[in-house]
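Working through the structure, step by step
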Amino acid sequence: MAAHGPTAPLGPTSAHPASSHPAPSRRALLRSGAYLGAAALGLGVAGTAVAGAVAPAAGAAPAAGPAGRRAAVAYPPTHWIPASTSNYTVASRPTQYSVDYVVIHVTQETFPDARDIFQNPAKKVSAHYMVASADGYIGQFVREKDVAWHAGNWDYNTRSIGIEHEGWVDRPAYFTDALYAASAALTAAVCDRYGIPKTRAHIIAHSEVPGATHTDPGRYWDWARYLDLVNA
């Protein structure tokens, strides 16, 4: 994985495609993802702790919207695991920059390894969120008001929320029901917060960012299923 500043994100590149790996076993998924609860990460209480986002407590119903208008989706439970301050740009979005996109990534790393990369000041890379494969656990690494260095394109960095997903582009077994459900709930909440249309024109692959050399989330990512969940 190469990372050399705000335009060098995670994920496989066209020049360095993902290698072929056997499908992970359930035990392997559990080892990489299920240990990522609050206790395992040294967090005091398991629950919602979304930084820079309007997130009600876990299980709370979203507030009712105006008559005839669907209420905003509540943020799912999310835990704050701060990235190194060397790996993102402090900002005041959406005042400073509008937020127009959600960018979908795949880590090409386990969750713990990607977490360590985001917290390493030498790596110069981050994402706002990462979703674990085994259980849909969501870590937040950068506040939504700030600019994460994930898209490989400064303009898109400033105008997007980046969501990483634990796994590899050529290992579809990592794209579990729990991962899809948690990520879709998060994306739906982000879209509602910023008025982003819940369409493929605004919920995009890392590979679709202009100038991208990365291929994630790859051909095994089920876009039809994902968009259905986001719009449920």
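Summary of the structure given here. Keep in mind that this is a model prediction, so the values were computed, not measured.

Moving on, we come to the packing of aromatic side chains. For any two aromatic rings, the description comes down to two numbers: the centre-to-centre distance and the angle of the planes. All chains considered together, the criterion is met by 12 aromatic pairs. Taking the centre distance of 6.3 Å and the plane angle of 50° together, the rings of Phe111 and Phe141 count as tilted. With a gap of 30 residues between them, Phe111 in helix 2 (residues 111-118) and Phe141 in the loop between strand 5 (138-140) and strand 6 (147-148) connect regions that are remote in the sequence. Its relative accessible area of 0% is what places Phe111 among the buried residues. For Phe141, a relative accessible area of 0% translates into the label buried. The interplanar angle of 50° and the centroid separation of 6.5 Å between the aromatic rings of Tyr180 and Tyr226 together place this pair among those described as tilted.

So, on to helix 5 (residues 223-230). Residues Trp223, Tyr226, Leu227 and Val230 constitute the buried set of helix 5. One side of helix 5 holds all its buried residues, which, seen down the axis, span an arc of 95°. Turned more than 90 degrees away from the buried face of helix 5 sit Ala224 and Asp228, all of them exposed. The backbone nitrogen of Ala224 lies 3.4 Å from a side-chain oxygen of the residue at the head of helix 5, namely Asp222.

Tallied over the full model, the rule gives 8 salt bridges. For Arg193, the salt bridge identified is with Glu144, shortest N-O distance 2.7 Å. You can see Arg193 sitting in helix 4 (residues 177-194) and its partner Glu144 sitting in the loop between strand 5 and strand 6, a full 49 residues away along the chain. Classification of Glu144 by relative accessible area gives buried; the value is 0%. As a salt-bridge pair, Asp192 and Lys198 come within 3.0 Å of each other at their nearest N and O atoms. In this structure Lys198 comes out as buried when scored by relative accessible area, which is 16%. Linked by salt bridges that have partners in common, Asp100, Asp155 and Arg159 make up one network.

Below, the discussion takes up the side chain of Asn87. Counting through the fold element by element, Asn87 comes out in the loop between strand 1 (79-80) and strand 2 (88-89). In this structure the side chain of Asn87 is engaged in a polar contact, spanning 2.9 Å, whose partner is the backbone nitrogen of Lys124. If we ignore the near neighbours within four places in the chain, the residues touching Asn87 are Ile117, Phe118, Gln119, Asn120, Pro121, Lys123, Lys124, Val125, Ser126 and Trp149.

With 32 residues, the main nonpolar core has Val102, Val190, Ile203, Trp221, Trp223 and Tyr226 as its most contacted residues. For this core, the secondary-structure elements that each account for two or more residues are strand 3 (101-104), strand 4 (129-131), strand 7 (160-165), helix 4, strand 8 (203-205) and helix 5. The biggest single contributor to this core is helix 4, with 10 residues. Contact partners of Ile203, with chain neighbours within four places excluded, come to Val102, Ile104, Thr187, Cys191, Pro197, Lys198, Trp223, Tyr226, Leu227 and Val230.

Thresholds, definitions, all that
- Residues numbered from 1 in each chain as written.
- Predicted model: local features only at pLDDT ≥ 70, side-chain atom pairs only at ≥ 80, totals over all residues.
- Heavy atoms only, no water.
- Phe/Tyr/Trp six-rings, centres within 6.5 Å; stacked < 30°, edge-to-face > 60°.
- Helix = DSSP H or I, 4+ residues; strand = E, 2+ residues; numbered from the N terminus.
- Buried < 20%, exposed > 50% of the residue type's maximum accessible area, 1.4 Å probe, protein only.
- Arc of directions from axis to C-beta.
- Polar contact = N/O pair within 3.5 Å; in protein donor to acceptor, adjacent residues only side chain to side chain.
- Salt bridge = Lys/Arg side-chain N within 4 Å of Asp/Glu carboxyl O.
- Contact = heavy atoms within 4.5 Å.
- Core = buried A, V, L, I, M, F, W, Y, C linked by side-chain atoms within 4.5 Å.

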